[in-house]
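# A structural walkthrough
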Amino acid sequence: MSTDAPKQNPKQNPKPISANDLPKSWVENAAKDLKGADPTQLASQTPDGITIKPIYTAADHTVSNELPGDEPYTRGIRATMYTGRPWTIRQYAGFSTAQESNAFYRNNLAMGQKGLSVAFDLATHRGYDSDHPRVTGDVGKAGVAIDSVEDMKVLFDGIPLDEMSVSMTMNGAVIPTLAMFIVAGEEQGVERAKLTGTIQNDILKEFMVRNTYIYPPEPSMRIVADIIEYTATDMPRFNSISISGYHMQEAGASTVQELAFTLADGMEYVRTAKARGLNVDAFAPRLSFFFCIGMDFFMEVAKLRAARKLWSRIMSDLGATDDRSKMLRTHCQTSGVSLTEQDPYNNIVRTAYEAMAAVLGGTQSLHTNAYDEAMALPTETSARVARNTQLILQHETGVTKTVDPLGGSHFIESLTDDLVKAAWEQIQEIEQLGGMTQAVLDGLPKRRIEAAAAERQARVDNGTDVVVGVNRYRLDDPVSVDILEVDNTKVRAEQVAQLNSIKQTRDDKACSNALEKITSVAQSGDGNLLAAAVEAARARATLGEISSAMETVFGRYKATPESVSGVYGKHQAASPEFQAVKTRVDAFFASKNRRPHLLVAKMGQDGHDRGAKVIASSFSDIGFDVELSELFVTPQEVADLCIEKNVDVVGVSSLAGGHKSLIPELINALADKGRSDIAVVCGGVIPEQDYDYLKEAGVAEIFGPGTAITDAAQAVLGHVLGERRNR
């Protein structure tokens, strides 16, 4: 289950700065301010080991005469940037049914949003129809349920697809989703050549962090190439791929890791398309990127500038000659993991700072998160605040009046250079492994990101990193906010009824022939899977049926569960709280001749496993015996694993809203097997208003976002020792 912490990069152990690294006169004046203390001690280190000096001058960088719109586009891909036209406000949203999401979209568009970004539910992501038994708790919860062309048509009802740019975050079931979008456009009267928007289609990052994959890496990369080929020929206005670093940062990646791994993914996709025989300049202008913007303000600004500079170099090396192929165009989204359940109105401020960083870094479009998203999907009110954050930025702050206003800043220019160098080193490490597909198979990026996540958790728990309202400046009385709750049972019933209607009215022979064609194309390697799927979608094949037609050949991928060890313990070694719980665990071992035994489980189709991995890693360092379930398991499968491993406690990580159905099912399954003695605890994105429901169902402990690991470990150990609480 566990793997040792990965070795640190040389950049993560830099030499401390000396007085010679700082202006002499400043050192003298600073020493006076500090009453004789050494000013070099004001320097700090980023998690990547980049030194942040207390003062920067022109000697710290070399600024060329580059202008915005000039290669390598450090200052922006367009000469005029926002002075000519502001960035696109593209809010990411989707929930419940297509009808509900359509109403939400149309309202947002009327209130100033300029582009659509669709969030699909986890059943859709994983290639399952809503009636599949493995997705009972997932339908409509974390996005909109799409089972067929009919759902897609409703989703965009009244939204002209020849005028509106549509972004779709989809990677696993990318073939049926894009096929249904194309057919929905056709039946709206819009030929596919006129469709504009983006399909994420970034499967490599799914194997690294987000885990909404379906097929193994090699056939998944074939799917990527088929989509690039099809869109380059038939959909010239559509972006065939959005190479995403967002989910890497959300999973714990450092700034340099997000930058390096994202660009390395991009290199792999370009090479894959070239191997298909495509000319690089025929498809590269339609590649786009997607970055996360976190709370390290200047680092995030510099990251976007460094990304553009590096991508221009990379594409030149890969044979691009068209300037558009060398321009890194990016969408950005403010960080979800920076949001807190505690004192949630602080999240409005966090998101505003992050949005400003994205704009000053030169993004092309932006999504701003809502303040309640650490607990649930946004309400109409919180979504309005999030959208208005961007409108205020555009119209009230003056940021659109000049291009690259931070260009020439000694600090920003130096930081940009540092990020370029540090990311290039990691890209070269990936290249030495044979490229990102091979690196993913090796597991290197995943291990590095999980180690960074464990280190970040340790820094928050020991107070090194301050999070206002969480580990400092806490409120005595918690703030409650209204949240949105989706009736999963109702949504699923509606979707199943729609599925049954489609299957009863379609031409079964035409549908079967189209599905067989997909399987044949997958088996032979001849033909284009997206082209075949478009024909199946026209014949009203469902998303699950199209996915299964490929799964017959490709199989369904299963990852081996493992986590890093040693990182959390290393960074918490001096913490009294860490030592206190570790001492209790060691005493348990001394008296029982065994360790307290914990199973960390992920149920349903939620693949976001940062929290589960951090818990598994940190509890192992504390001294627990820790098991980690596979992803996408059912409550019955978790109960069987609890008994097989003979655990004391099972901890369920829930981030996608299925807790009210899946966790009680697990408790009942354990009871049916005569093992009600196994305590069930849970954590993650669980609204406080659901706590009583879960406790009445038999949950022993609930750990909300921001809970210190040491506090959680003390509580879990209390249940192992029979000191039951809240039961």
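Every value quoted in this text rests on a predicted model; they were computed, and no experiment measured them.

## A look at the overall build of the chain
Looking only at helices and strands, one finds 28 helices and 18 strands in the chain. For the chain, the C-alpha radius of gyration of 26 Å lies close to 27 Å, the compact-globule estimate for 727 residues. Dimensions of the chain, computed from C-alpha atoms along their principal axes, come out at roughly 85 × 70 × 50 Å. A buried classification covers 59% of the 727 residues belonging to the chain. Long-range contacts, defined as pairs at least 24 residues apart, comprise 79% of the intrachain contacts of the chain with a sequence gap of at least 6. Approximately 27900 Å² of the chain is accessible, and the part contributed by carbon and sulfur atoms is 48%. Computed over 74 positive and 95 negative side-chain charges, the inter-centroid distance for the chain is 3 Å.

## Focus on the sheet that holds strand S10 (residues 287-293)
What holds strands together in a sheet is hydrogen bonding between their backbones, with the strands either parallel or antiparallel. Strand order in this open sheet of nine strands is S8-S7-S6-S5-S4-S12-S11-S10-S9, and the pairing throughout is parallel. Two strands bound the open sheet, and with one partner strand each, they are strand S8 (238-239) and strand S9 (241-244). One ladder, built from four bridges, connects strand S4 (residues 88-93) with strand S5 (residues 115-118); its direction is parallel. Counterpart to Arg90 in the pairing with S5 is Gly115. Lying on the sheet, helix H11 (residues 297-317) is in contact with S10 and strand S11 (330-334); it crosses S10 at an angle near 160 degrees.

## Here's the deal with the environment of Val301
Position of Val301 relative to the elements: it lies in helix H11. On the basis of relative accessible area, Val301 is assigned to the buried category, the value being 0%. With 378 residues separating them along the chain, Val301 and Ala679 place their C-alpha atoms 46 Å apart. Residues in contact with Val301, not counting those within four places in the same chain, are Ala357, Leu360, Gly361, Leu406 and Ile412.

## Comments concerning a nonpolar patch on the surface
Together, Met295, Val349 and Tyr353 make up an exposed nonpolar region whose accessible area comes to about 300 Å². Locating Met295 in the fold gives a position in the loop between S10 and H11.

## Points about the packing of aromatic side chains
Within this structure, the stated rule accounts for 17 aromatic pairs. Judged by centre distance (5.2 Å) and plane angle (80 degrees), the rings of Phe297 and Phe298 are edge-to-face. Judged by its relative accessible area of 36%, Phe298 falls in the partly exposed class. A connected cluster of aromatic rings, assembled from ring pairs, spans Tyr56, Phe297, Phe298 and Phe411. One cation-aromatic arrangement involves Lys53 over Tyr56; the distance from NZ or CZ to the ring centre is 5.5 Å. Here the basic side chain of Arg313 rests over the ring of Trp424, its NZ or CZ set 4.4 Å away from the ring centre.

## Focus: the sheet that holds strand S18 (residues 701-703)
With parallel pairing, the five strands of this open sheet are ordered in space as S15-S14-S16-S17-S18. Every interior strand has two partners, whereas the edge strands, strand S15 (625-628) and S18, have only one. Each strand axis lies, on average, 20 degrees off the axis of its neighbour in the sheet, ignoring direction. Note that strand S17 (residues 679-684) and S18 share three bridges and pair parallel.

## Details of the packing of helix H7 (residues 217-234) against helix H20 (residues 529-538)
Packing of H7 against H20 leaves a shortest axis separation of 8 Å and a crossing angle of 75 degrees. As far as their axial angle goes, H20 and H7 are roughly perpendicular. In contact with Arg222, Ile223, Asp226, Ile227 and Tyr230 of H7, H20 contributes Leu529, Leu530, Ala531 and Val534. Across the contact of H7 with H20, the residue classes tally to seven nonpolar, no polar and two charged.

## Overview of unusual backbone geometry
Trans peptide bonds make up most of the peptide bonds, and negative phi angles are found at most residues other than glycine. Going from Glu71 to Pro72, the amide bond is cis rather than trans, its omega being 15 degrees. Looking at where Pro72 falls in the secondary structure, it is placed in the loop between strand S3 (51-52) and S4. One non-glycine residue, Met81, lies in the positive phi region at around 45 degrees. Tracing the chain through its elements places Met81 in the loop between S3 and S4.

## Describing helix H9 (residues 255-275)
With 21 residues, H9 should reach 30 Å at 1.5 Å per residue; the first-to-last C-alpha distance of 31 Å fits that figure. Counting buried positions along H9 gives 17 out of 21 residues, so the element sits mostly inside the fold. Among the residues trailing H9, Gly277 stands out with phi positive, at a value near 100 degrees.

## Notes on the packing of helix H6 (residues 203-210) against H9
Here H6 crosses H9 at 145 degrees, and the two axes come no closer than 9 Å. Across the interface between the two elements, Ile203, Leu204, Lys205 and Met208 from H6 touch Phe261, Asp265, Glu268 and Tyr269 from H9. Its residues placed into classes, the contact of H6 with H9 shows five nonpolar, no polar and three charged.

## Points about the environment of Ala537
In this structure, Ala537 sits in helix H20. Spatially, the C-alpha atoms of Ala537 and Ala179 are 6.4 Å apart, while their sequence positions differ by 358 residues. Those residues in contact with Ala537 that lie beyond four places of it in its chain are Val149, Ala179, Met180, Val183 and Ile546.

## A word on the nonpolar core
Soluble, globular proteins show a tendency: their nonpolar side chains are buried together. With 79 residues, the main nonpolar core has Leu263, Phe283, Trp311 and Met436 as its most contacted residues. Those residues within four positions of Phe283 in sequence are excluded, and the remaining contacts are Ile228, Ala232, Val270, Ala273, Lys274 and Leu278.

## Some thoughts on H6
Side chains of residues three or four places apart in an α-helix project in the same direction, reflecting 3.6 residues per turn. Burial of H6 is extensive: eight of the eight residues sit out of reach of the surface. Looking at the residues trailing H6, positive phi occurs at Asn211, about 70 degrees.

## A word on the pairing of strand S14 (residues 597-601)
Taking burial as the measure, the five residues of S14 include five buried ones, the bulk of the element. On S14, burial covers both faces: His597, Leu599 and Ala601 on one face and Leu598 and Val600 on the other are all buried. For S14 and S15, the ladder comprises four bridges, and the chain directions are parallel. Residue His597 lies in a different strand from S15, and its bridge partner there is Asp625. What joins S14 to S15 is helix H24 (residues 610-622), and the crossover it makes is right-handed. Where S14 lies against strand S16 (residues 649-654), four bridges are found, and the strand directions are parallel. Looking at the pairing, Val600 lines up with Gly651 of S16.

## Looking at the pattern of salt bridges
On inspection of all chains with the given rule, the structure shows 44 salt bridges. A salt bridge links Arg305 to Asp404; the nearest nitrogen and oxygen atoms lie 3.1 Å apart. Taken as a pair, Arg305 in helix H11 and Asp404 in the loop between helix H14 (380-396) and helix H15 (410-432) lie far apart in primary sequence, 99 residues in all. Judged on exposure class, the residue Arg305 and its partner Asp404 are both buried. With a closest N to O distance of 2.8 Å, Asp465 and Arg459 form a salt bridge. A single network of salt bridges, built from pairs that share partners, joins Glu186, Arg192, Asp234, Glu535 and Arg538.

Basis of the calculations
Residues numbered from 1 in each chain as written. Predicted model: local features only at pLDDT ≥ 70, side-chain atom pairs only at ≥ 80, totals over all residues. Heavy atoms only, no water. Helix = DSSP H or I, 4+ residues; strand = E, 2+ residues; numbered from the N terminus. Rg over C-alpha atoms; globule rule 2.2 N^0.38 Å. Buried < 20%, exposed > 50% of the residue type's maximum accessible area, 1.4 Å probe, protein only. Contact = heavy atoms within 4.5 Å. Areas by Shrake-Rupley, 256 points an atom, 1.4 Å probe, with all protein chains shown as cover. Lys, Arg positive; Asp, Glu negative; His and termini not counted. Charge placed at Lys NZ, Arg CZ, Asp CG, Glu CD. Pairing = 2+ DSSP bridges. Axes fitted to C-alpha atoms, helices over the stretch in contact; angles between N-to-C directions. Patch = residues over 30% accessible without salt bridge, like charges linked within 9 Å, V, L, I, M, F, W, Y side chains within 5 Å. Salt bridge = Lys/Arg side-chain N within 4 Å of Asp/Glu carboxyl O. Phe/Tyr/Trp six-rings, centres within 6.5 Å; stacked < 30°, edge-to-face > 60°. Lys NZ or Arg CZ within 6 Å of the ring centre and 35° of its normal. Parallel < 35°, antiparallel > 145°, perpendicular 65-115°, else oblique. Nonpolar A, V, L, I, M, F, W, Y, C, P; charged D, E, K, R; others polar. Expected span 1.5 Å × (residues − 1). Core = buried A, V, L, I, M, F, W, Y, C linked by side-chain atoms within 4.5 Å. Right-handed = clockwise from strand over helix to strand, strands pointing away.

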